[in-house]
Amino acid sequence: MRHFLDLLDLTPEEVTHLLNEAARLKAAHLRGRRTPLLVGRVLGLIFEKPSLRTRVSFETAMAQLGGSSVFLGGSDVGMGKRETVPDFARVMSQYVDAVVLRTFSHATVEDFAAHSTCPVINGLSDYCHPCQALGDLLTLQEEFGDPAGRTLVFVGDGNNVARSLAICCGKLGMRFILAAPKGYGFDELFLEAYHRHIPEGEIVQNGKPTHAVGEADIIYTDVWTSMGQEAEQQQRLKRFAGFQVNDELLALAPPHARVMHCLPAHRGEEVTSAVLDSDRSIVFQQAGNRMHAQKALLQWLLGDQKEVRMAKRTKPRRARAH
């Protein structure tokens, strides 16, 4: 049994496999083909935070693979309040075949996985967002082909999204540059873990986005104030004021550079509407790819590998002439 809590747990080959499967599943989807590999399987979604993309993409992915899902959110959860996280995990994992957790604390995800008898997927925690990174790299692969040698510049906070992106980039041979205000970069514990697992990976921390974007293939940004940081909003607005992704910053990047954002966006803060809606933005393609990446992930964690191989080889039969 495997969990999907942090991209550091996957080998480069496993990441590449998931991206290739996601591309194959998306191509089949665009041709109107569905492969019900997970008939009878049930996915549990336990969300402490509100969600659009994570919830809908997982529910739709599971339905298209022939399975179903059960959602518990907000006050319905009671995890860690009505009963302990280990007790919740022991019970929930007997009812469903896999669980997606969207939590505030990463420790909750780890505690749940330690007591679960089914695969656990980190749908977002305060430490990382690995599902987002998979969808992002699928999008980048669609735009540029082999990601190796490309440069992604993240303009903003060294947050959970940035950490997972840095790991995914490192495993695929990409250069990752974080342009963040002083005090908002990657912490030493994360950098130590990154270099221990990806010794050949390249992370650069640059406090000036105008310098950082000069060699960018992708310029990525995220909100300056995430859920749970509302008390810091005014301070963050001041500290990040020079880190907006706008037309002026985009003009300093190579003409082929594209803009990404994990959404939801605070238009007029970290990114302008002019950039977000421009022909250099691949933000909504990126959002759509969450579903295809997660279909590959669900198939990998739950699907019978023999069935998966057979589905790849099987072609639709032609009707016989009478």
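Please refer to the structure placed before this passage.
What this report covers is the structure whose coordinates are included nearby. Remember, it's a predicted structure, so these values are computed and weren't measured experimentally. For every chain, the first residue of its written sequence is number 1, and the numbers climb from 1 along that sequence. Local features in this predicted model are restricted to residues whose pLDDT is 70 or higher, and side-chain atom pairs enter the listing and the counts only when it is 80 or higher, whereas totals over whole chains, interfaces and linings include all residues. The side-chain numbers reported here are obtained from all heavy atoms of the structure, hydrogens and water having been left aside.

## A few points about the sheet that holds strand E8 (residues 218-221)
Taken together, five strands build an open sheet; the order of strands is E7-E6-E5-E8-E9 and the sheet is parallel. The sheet is open, and its two borders are formed by strand E7 (202-205) and strand E9 (258-261), each paired with just one other strand. Averaged over all pairs of adjacent strands, the angle between strand axes in this sheet comes to 20 degrees, irrespective of strand direction. Sitting on the sheet, helix H6 (residues 160-171) is in contact with strand E5 (151-155), strand E6 (175-179), E7 and E8, with an inclination near 170 degrees to E5. DSSP bridges decide pairing: two strands pair if at least two such bridges lie between them. Secondary structure elements are taken from DSSP: a helix is a run of H or I of four residues or more, a strand is a run of E of two residues or more, and numbering for both begins at the N terminus. Axis definition: a line fitted to C-alpha atoms, limited for helices to the stretch in contact. Angles are taken between N-to-C directions and run from 0 to 180 degrees. Should any heavy atoms of two residues lie within 4.5 Å, those residues are considered in contact.

## Concerning the packing of aromatic side chains
Aromatic pairing here means that ring centres of Phe, Tyr or Trp (its six-membered ring) are within 6.5 Å. Orientation follows from the plane angle: under 30 degrees is stacked, over 60 is edge-to-face, and everything else is tilted. This model, assessed by the stated rule, comprises 11 aromatic pairs. Here the aromatic rings of Phe-154 and Tyr-220 are separated by 5.3 Å at their centres, their planes lie at 15 degrees, and the arrangement is stacked. With Phe-154 in strand E5 and Tyr-220 in strand E8, this residue pair connects regions lying 66 residues apart in the sequence. Summarising the burial analysis for this pair, Phe-154 and Tyr-220 share the class buried. Put simply, the rings of Tyr-127, Phe-154, Phe-176, Phe-186, Phe-190, Tyr-194 and Tyr-220 pair up and form one aromatic cluster. The ring of Phe-71 is capped by Arg-55, whose NZ or CZ atom sits 3.6 Å from the centre of that ring. When a residue's accessible area, from a 1.4 Å probe over protein chains only, is under 20% of the maximum for its type it is buried; when over 50% it is exposed; and in between it is partly exposed. Any Lys NZ or Arg CZ found within 6 Å of a ring centre and within 35 degrees of that ring's normal is scored as a charge over the ring.

## Description of helix H3 (residues 85-95)
Every buried residue belonging to H3 is among Val-85, Pro-86, Phe-88, Ala-89, Met-92 and Ser-93, and all of these are buried. For H3, the angular spread of the buried residues around the axis is 150 degrees, confining them to a single face. Exposed side chains of H3 directed beyond 90 degrees from the buried face belong to Gln-94 and Tyr-95. Contact partners of the buried residues in H3: strand E1 (42-47), strand E2 (68-73), strand E3 (98-102) and helix H4 (106-115). Definition of a polar contact: a pair of N or O atoms within 3.5 Å, with one able to donate and the other able to accept a hydrogen when the atoms are protein atoms, and with sequence-neighbouring residues admitted only if both atoms are side-chain atoms. With a side-chain oxygen lying 3.1 Å from the backbone nitrogen of Asp-87, the N-terminal cap of H3 falls on Thr-84. The arc under discussion is defined with respect to the helix axis, by the directions toward the C-beta atoms.

## Digging into empty space enclosed by the protein
Site definitions follow a grid-based scheme: protein atoms alone, a 1 Å grid, a 1.4 Å probe that fits but cannot get out for cavities, and for pockets an open set with protein on both sides within 12 Å along at least five of seven lines, plus lining residues having an atom within 4 Å of a point. Grid points are joined across faces, edges and corners, and a volume is the space filled by probe spheres set on the points. This structure, assessed with the given rule, holds one cavity of 30 Å³ or more. Size it by volume and the largest cavity reaches roughly 40 Å³. Polarity classes work like this: nonpolar for Ala, Val, Leu, Ile, Met, Phe, Trp, Tyr, Cys and Pro, charged for Asp, Glu, Lys and Arg, and polar for all others, with Gly in that last group. Residue composition of the lining of the largest cavity, grouped by class: three nonpolar, two polar and three charged.

## Looking at the pairing of E6
In terms of burial, E6 is largely enclosed, as four of its five residues are buried. One ladder, built from five bridges, connects E5 with E6; its direction is parallel. Residue Thr-151 lies in a different strand from E6, and its bridge partner there is Arg-175. The path from the first strand over the helix to the second decides the hand: if it runs clockwise while the strands point away from the viewer, the crossover is right-handed. In the classification by handedness, the crossover that spans E5, the intervening H6 and the parallel E6 is right-handed. Where E6 lies against E7, four bridges are found, and the strand directions are parallel. Bridging from a neighbouring strand, Phe-176 pairs with Ile-203 of E7. Assessed by its sense of winding, the connection that carries the chain from E6 through helix H7 (residues 188-197) to E7 is right-handed.

## Topic: H7
Burial in H7 covers these residues: Phe-190, Leu-191, Ala-193 and Tyr-194. One side of H7 carries all its buried residues, which in axial view fall inside an arc of 165 degrees. In H7, those exposed residues whose orientation departs by more than 90 degrees from the buried face are Glu-188, Leu-189 and Arg-196. Elements that come into contact with the buried residues of H7 comprise H6 and E7. Capping the start of H7 is the job of one residue whose side-chain oxygen sits 3.1 Å from the backbone nitrogen of Leu-189: Asp-187.

## Considerations on the layout of surface pockets
Of the volumes computed, that of the largest pocket is approximately 680 Å³. In terms of lining, the largest pocket is formed by 34 residues, of which the most central are Lys-49, Leu-124, Asn-160, Ser-226 and Met-227. Secondary-structure elements contributing two or more residues to the lining of the largest pocket are helix H2 (53-64) and H6. Looking at the lining of the largest pocket, the element that brings in the most residues is H6, giving three residues. Residue composition of the lining of the largest pocket, grouped by class: 11 nonpolar, 13 polar and 10 charged.

## Points about the environment of Ile-219
Tracing the backbone shows Ile-219 in strand E8. Remark: the alpha-carbon pair of Ile-219 and Cys-128, spanning 91 residues in sequence, is separated by 19 Å.

## Let's talk about the nonpolar core
As used in this record, nonpolar core signifies buried Ala, Val, Leu, Ile, Met, Phe, Trp, Tyr and Cys residues forming a set joined through side-chain atoms within 4.5 Å. Counting 84 residues, the largest nonpolar core has Leu-152 and Phe-176 as its most contacted members. Top element by residues in this core is helix H12 (residues 283-302). It accounts for nine residues. Residues in contact with Phe-176, not counting those within four places in the same chain, are Leu-152, Phe-154, Ala-162, Leu-165, Ala-166, Cys-169, Phe-186, Glu-202, Ile-203 and Val-204.

## Thoughts on the sheet that holds E2
The strand order across the open sheet formed by four strands is E2-E1-E3-E4, and the pairing between neighbours is parallel. Where the open sheet ends on each side, the last strands, each with one partner, are E2 and strand E4 (120-124). Adjacent strand axes in the sheet meet at a mean angle of 20 degrees when their direction is disregarded. Bridge count between E1 and E2: six bridges; the pairing is parallel. Looking across to E2, one finds that Leu-45 is bridged to Phe-71.

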